[in-house]
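These are the residues of each chain, in order.
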Amino acid sequence: MDFLRPRTWDEALAFKAERPDATPIQGGTDVMVEINLDKGRPAALLDLTAVPGLDDWTREGGEVRLGAGLTYARLIAELGAELPGLAQASRTVGSPQIRNRGTVAGNLGAASPAGDSHPPLLASGAVVEAASVRGTRTIPIDAFYTGVKRNALAPDELIRAVRVPVAAGPQYFSKIGTRNAMVIAVCSFAVALHPGERRAGTGIGSAAPTPRRAAEAEELLAGGLDWEGRGPLDPGLARRFGELVAGAASPIDDVRGRADYRLHALAVMARRTLGWAWNDYTGRAAA
Amino acid sequence: MRVSLTVNGRPAAADDVWEGESLLYVLRERLGLPGAKNACEQGECGSCTVYLDGTPVCACLVAAGQAEGREVVTVEGLASGDDLDEVQRAFVEAGAVQCGFCTPGLVVQAHALIAAADGVPGDAEIREALAGNLCRCTGYEKILDAVRLAAARAVAPSPGSSA
Ligand SMILES: Cc1cc2nc3c(=O)[nH]c(=O)nc-3n(C[C@H](O)[C@H](O)[C@H](O)COP(=O)(O)OP(=O)(O)OC[C@H]3O[C@@H](n4cnc5c(N)ncnc54)[C@H](O)[C@@H]3O)c2cc1C
Ligand code: FES
Ligand code: FES
């Protein structure tokens with residue numbers, strides 16, 4: 001095995017072009033588990049933690065650009081107001097020690113259907129900045145997940161950053177697990193209201209081969225919510241929203257939960273998170 | 001490969017390190033620091049917790065080469081000679097140690113909590129901070145006692161105080 005340690009981003013891209021078989025490593029919270037448990041040995045490790053500036057974020061217009069090396073701990077401490085849905089999801093990842101090392105880009109690299117950052121990234125319409133020696137392209141988040149633990153990156157590409165629109169309305173994330181810590185989601189759900197555009201975004205986790213949006217449920221909210229009048233949430237609409245979210249999932253039975261339980265839990269989480277978000281939206285109007 | 005780093009304030013180097021090796025292995029097997037424990041090697045138990053550049057992390061999930069040029073503090077680095085650190089002393093006084101396997105990781109994690117806390121942390125804050133450290137013996141109550149004791153002393157250090 002080789003250990004490659006670029007000191008600049010250009011050097012990192014050059015290494016990846018030369019060695020497309022090298023496994024990038026940041027927090028190592030996925031990569032090192034695999035190596036320690038001997039579930040496969042990478043030909044080389046490409047350590048990105050010595051590249052300066054990769055662990056920072058910047059505000060660029062209406063977006064926050066999260067550097068690939070930004071840890072969950074810093075995202076939680078510094079971006080709770082701008083990106084509330086992603087910050088809530090980040091708070092549920094592993095334990096403090098895991099959040100001190102783990103990154104959103106690592107979550108995207110692993111592309112597990114259960115990764116906690118995916119539902120809020122889908123709900124807020126993030127884009128992934130993929131870079132290689134050939135140049136940089138942006139991949140819309142809902143085109144990024146291509147299969148179980150597979151993503152749209154080419155072999156010579158690295159994630160440089162993730163661009164997430166600053167929240168324009170309330171956002172919520174909800175996750176089912178056996179404890180409040182150290183839990184891989186049985187299933188999870190995120191909702192984001194975009195009142196300026198009279199629409200809502202959704203993201204479903206751990207209930208299909210990839211994280212995914214619930215398109216019909218989003219259409220229901222765009223047309224059905226009382227955006228102007230900010231009246232109370234119609235319980236029938238909330239219930240229908242839950243049904244459409246569950247309908248968009250295609251879960252399996254596995255060690256963490258049964259498919260029918262996941263569908264039930266998704267409908268409940270969808271209804272509840274929508275209720276919280278709508279309360280915030282209408283409450284703000286009253287204030 | 002060779003890995004050079006600072007451990008407990010002193011420069012250290014390990015040779016013939018395998019590229020896929022963890023920082024935990026380097027500390028325990030190459031640098032003779034068996035304080036951080038190896039239990040799960042998958043980030044679940046926290047018994048390998050050390051400071052890396054001032055932040056508590058699971059040493060089992062840090063690739064050795066990632067620690068090149070960095071500063072590591074292990075549980076051995078908290079005491080000064082035979083003088084235990086306040087957190088270690090509180091664990092002894094509160095009876096928070098049984099088999100002791102989880103203790104080094106808990107001490108480092110509690111040390112970080114108390115250093116960062118504004119005043120004495122509440123129970124919810126302590127539980128959340130220690131959520132990644134498993135103990136199979138104590139049932140956690142005495143551990144919580146120890147953290148409260150050390151935190152209270154950190155806020156109002158009074159030399160003659162007893163538990
Ligand atoms: C004890 C424990 C608990 C956990 N709990 C949770 C949880 O609750 N929720 C959750 O979602 N996850 C959880 N995880 C999984 C893991 O922490 C997350 O997936 C985390 O986001 C990975 O980030 P990392 O920086 O550590 O990634 P790494 O392990 O460094 O990398 C992960 C993957 O991404 C690739 N990669 C990394 N950086 C880049 C880049 N810049 N460009 C392209 N590819 C890249 C790597 O090659 C690898 O395939 C847990 C892990 C452990 C050990
Ligand atoms: S040995 Fe590192 S967390 Fe268990
Ligand atoms: S004292 Fe035995 S595991 Fe905690």
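As recorded by an unreviewed UniProt entry, chain B carries the name Carbon-monoxide dehydrogenase small subunit and is attributed to Microbispora corallina.

By the naming in an unreviewed UniProt entry, chain A is Carbon-monoxide dehydrogenase medium subunit, taken from Microbispora corallina.

Enquirer: Quick question: what am I supposed to make of the pattern of salt bridges here?
Expert: Once their charged atoms are close, side chains differing in charge can pair, the charge on each being opposite to the other. Residue and element names in this part refer to chain A. Applying the stated criterion across every chain, the model contains 28 salt bridges over all chains. The closest approach of N and O atoms between Asp47 and Arg5, which form a salt bridge, is 2.8 Å. Of this pair, Asp47 sits in strand 3 (residues 44-47) while Arg5 is found in the loop between strand 1 (2-4) and helix 1 (9-18), placing the two residues 42 residues apart along the sequence. For Asp47, a relative accessible area of 0% gives the class buried. Note that Glu78 is salt-bridged to Arg74, the shortest N-O span being 2.9 Å. Of the two residues, Glu78 and Arg74 both sit in helix 3 (residues 72-78), four residues apart, roughly one turn of that helix. Overall, the relative accessible area of 27% leaves Arg74 in the partly exposed class. Three or more residues are tied together by salt bridges with common partners; here these are Glu60, Glu63, Arg65, Glu129 and Arg163.

Enquirer: Whenever I open this one, the nonpolar core confuses me. Can you help?
Expert: Where a protein is soluble and globular, its nonpolar side chains tend to be buried together. One finds Leu66, Leu108, Leu121, Ile141 and Val162 of chain A together with Leu23 of chain B to be the most contacted residues of the largest nonpolar core, which totals 71 residues. Ignoring any residue separated from it by four or fewer positions in sequence, one finds Ile141 of chain A in contact with Leu108, Leu121, Leu122, Gly125, Ala126, Val127 and Val128 of chain A. Counting 27 residues, the second-largest nonpolar core is a separate cluster that includes Ala94, Val107, Ile126 and Ala150 of chain B.

Enquirer: So what exactly am I meant to see when it comes to the pairing of strand 4 (residues 55-58) of chain B here?
Expert: Within a regular beta strand, the side chains point alternately toward one face of the sheet and then the other, so they alternate between its two faces. All names here are of chain B. Bridge count for strand 3 (residues 49-52) against strand 4 is four bridges, and the pairing is antiparallel. Paired with Val50 across the bridge in strand 4 is Val57. Between strand 3 and strand 4, which follow one another and run antiparallel, lie two residues, and Asp53 among them has a positive phi close to 45 degrees.

Enquirer: How do you make sense of empty space enclosed by the protein when you look at a structure like this?
Expert: In this approach, a probe sized like a water molecule rolls over the atoms, and the result shows the empty space that is left. All names here are of chain A. According to the stated counting rule, one finds one cavity of 30 Å³ or more in the structure shown. Put simply, the largest cavity is a space of about 30 Å³. The set of elements that each furnish at least two residues to the lining of the largest cavity consists of strand 5 (63-67) and helix 6 (104-110). For the lining of the largest cavity, the class distribution of residues is seven nonpolar, one polar and no charged.

Enquirer: Honestly, the interface of chain B and chain A in this entry has me stumped. Any pointers?
Expert: A common way to report how large an interface is uses the accessible area buried once the components associate. Facing the 33 residues of chain B at the interface are 29 residues of chain A. Here chain B meets chain A over a buried area of about 2300 Å², counting both sides, of which 56% is carbon and sulfur. If you look at where chain B meets chain A, you find zero salt bridges. Those elements giving two or more residues to the side of chain B that touches chain A turn out to be strand 3, strand 4 and helix 4 (123-129) of chain B. Take the side of chain B that touches chain A: its biggest share by element is four residues, from strand 4 of chain B. Residues that form the side of chain B that touches chain A fall into these classes: 14 nonpolar, twelve polar and seven charged.

Calculation notes
- Residues numbered from 1 in each chain as written.
- Chains lettered and ligands numbered in written order.
- Predicted model: local features only at pLDDT ≥ 70, side-chain atom pairs only at ≥ 80, totals over all residues.
- Heavy atoms only, no water.
- Salt bridge = Lys/Arg side-chain N within 4 Å of Asp/Glu carboxyl O.
- Helix = DSSP H or I, 4+ residues; strand = E, 2+ residues; numbered from the N terminus.
- Buried < 20%, exposed > 50% of the residue type's maximum accessible area, 1.4 Å probe, protein only.
- Core = buried A, V, L, I, M, F, W, Y, C linked by side-chain atoms within 4.5 Å.
- Contact = heavy atoms within 4.5 Å.
- Pairing = 2+ DSSP bridges.
- 1 Å grid on protein atoms, 1.4 Å probe; cavity = no way out; pocket = protein on both sides within 12 Å on 5 of 7 lines; lining within 4 Å.
- Points joined across faces, edges and corners; volume = space filled by probe spheres on them.
- Nonpolar A, V, L, I, M, F, W, Y, C, P; charged D, E, K, R; others polar.
- Buried area = accessible area lost by both parts, 1.4 Å probe.

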